[in-house]
Amino acid sequence: DDGKAESAFGAGAVQSLGRWIWQQVANGYMRPRGLNVAAELLEYSLQDSPQNLGQVESAIPKIIASSELEMIINRIPNGEFTTWTSLADEVEFRSSPDLFAAFQRMRINYLGWKQGTQYDLHVYFEDTYTFHPQAIEADSLASFLATLGANAAYLSQLLGAIHPYEVAVHLSVRRGDW
């Protein structure tokens with residue numbers, strides 16, 4: 001035995017197959033359904049050692065259009081913030097299927113000022129792109145399939161096909177007269 005059969009089914013082959021499958025998911029399922037940010041982040045995770053992403057430009061217009069951004073701005077107290085300040089809670093972008101699929105629980109920091117409905121804020125979102133096991137919810141076929149996909153991604157992460165990394169989105173939002 002020269003060991004070729006054993007190496008053909010080793011960890012490298014499993015990782016390669018997993019990456020190929022997730023590439024097909026990104027291009028054949030996610031992108032045709034408008035999940036472009038989620039597909040971009042998934043593809044990035046398929047590298048051997050992905051570096052942290054300091055800015056996800058493609059997410060900015062969707063975050064600005066989301067109802068969650070307005071809720072975040074409403075939670076920021078009035079005043080001037082000359083150092084980065086954190087909101088105690090995290091955000092899930094449920095109003096956008098793409099952002100919901102791309103980000104899990106984004107941490108929020110902000111800088112700038114707000115007075116009533118007028119503001120000039122720099123908002124910095126951070127997340128760890130990773131997968132965790134999910135309890136199967138069968139309230140609908142869509143949620144069942146989404147949970148199944150998340151669990152498959154978690155297994156692929158354990159097998160080394162998907163790699164976690166840090167991701168950030170920084171944007172500026174203004175409203176009012178200056």
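Structure first, text after, so check above.
Because the structure is a prediction, the values reported are computed rather than measured.

Help me understand the pattern of salt bridges in this model?
Pairing is possible between side chains that carry opposite charge, provided their charged atoms lie close to one another. One pass over the full model with this rule turns up nine salt bridges. A salt bridge links Lys-62 to Asp-98, with the shortest nitrogen-to-oxygen separation between them at 2.6 Å. Taken as a pair, Lys-62 in helix α4 (residues 60-65) and Asp-98 in helix α6 (residues 97-102) lie far apart in primary sequence, 36 residues in all. We classify Asp-98 as buried; its relative accessible area is 3%.

How do you make sense of the nonpolar core when you look at a structure like this?
Soluble globular proteins tend to pack their nonpolar side chains together in the buried interior. Among the nonpolar cores identified, the biggest contains 42 residues, and Leu-41, Phe-103, Phe-125, Val-169 and Leu-171 are the most heavily contacted of them. Broken down by secondary-structure element, the contributors of at least two residues to this core are α2 (11-30), α3 (36-45), α4, α5 (67-75), α6, β2 (107-115), β3 (118-129) and β4 (165-175).

So what exactly am I meant to see when it comes to the layout of surface pockets here?
It is a probe the size of a water molecule, rolled over the atoms, that shows where empty space is left. What the largest pocket holds in volume is close to 1400 Å³. Ala-101, Ala-146, Thr-147, Gly-149 and Ala-150 are, among the 40 residues lining the largest pocket, the residues nearest its centre. Counting residues per element, the ones that place at least two in the lining of the largest pocket are α2, α3, α6, β3 and α7 (141-158). The element that contributes the greatest number of residues to the lining of the largest pocket is α7, accounting for 11 residues. The residue makeup of the lining of the largest pocket, split by class, is 24 nonpolar, 11 polar and five charged.

I tried to follow the sheet that holds strand β1 (residues 79-86) on my own but got confused; where do I start?
Two orientations exist for strands paired in a sheet by backbone hydrogen bonds: parallel and antiparallel. Pairing is antiparallel across the open sheet formed by four strands, whose spatial order is β1-β2-β3-β4. Of all the strands in the sheet, just β1 and β4 have a single pairing partner and so form its edges. Between one strand and the next, the sheet's axes are offset by a mean angle of 5 degrees, whatever the strand orientation. The sheet contact formed by β1 and β2 spans five bridges and is antiparallel. Within the sheet, the bridge partner assigned to Thr-85 lies in β2 and is Tyr-110. Relative to the sheet, α5 contacts β2, β3 and β4, its axis offset from that of β3 by approximately 115 degrees.

Honestly, the side chain of Ser-156 in this entry has me stumped. Any pointers?
For Ser-156, the location among the structural elements is in helix α7. Residues in contact with Ser-156, not counting those within four places in the same chain, are Trp-22, Ala-161 and Ile-162.

Rules of the game
All residue numbers here refer to positions counted from 1 along the written sequence of the relevant chain. With the structure being a predicted model, the display of local features is reserved for residues of pLDDT at least 70 and the display and counting of side-chain atom pairs for 80 or more, all residues being used for whole-chain, interface and lining totals. The side-chain numbers reported here are obtained from all heavy atoms of the structure, hydrogens and water having been left aside. Salt bridges are identified by distance alone: a Lys or Arg side-chain nitrogen within 4 Å of an Asp or Glu carboxyl oxygen. In this text, helices come from DSSP runs of H or I with a minimum length of four residues, and strands from runs of E with a minimum of two, each type numbered from the N-terminal end. Exposure is judged per residue with a 1.4 Å probe applied to protein chains only, and the accessible area is read against the type maximum: over 50% gives exposed, under 20% gives buried, and values in between give partly exposed. By nonpolar core is meant a set of buried Ala, Val, Leu, Ile, Met, Phe, Trp, Tyr and Cys residues that side-chain atoms within 4.5 Å join together. Detection works on a 1 Å grid of protein atoms alone, calling trapped sets that fit a 1.4 Å probe cavities and calling open sets with protein on both sides within 12 Å along at least five of seven lines pockets, with lining residues defined by an atom within 4 Å of a point. Grid points are joined across faces, edges and corners, and a volume is the space filled by probe spheres set on the points. Note on residue categories: nonpolar means Ala, Val, Leu, Ile, Met, Phe, Trp, Tyr, Cys or Pro, charged means Asp, Glu, Lys or Arg, and polar means any other residue, Gly included. A strand pair is defined by DSSP finding two or more bridges across the two strands. Interaxial angles span 0 to 180 degrees and are taken between N-to-C directions of axes, which are lines fitted to C-alpha atoms, for helices over the stretch in contact. Any pair of residues with heavy atoms lying within 4.5 Å of one another is described as a contacting pair.

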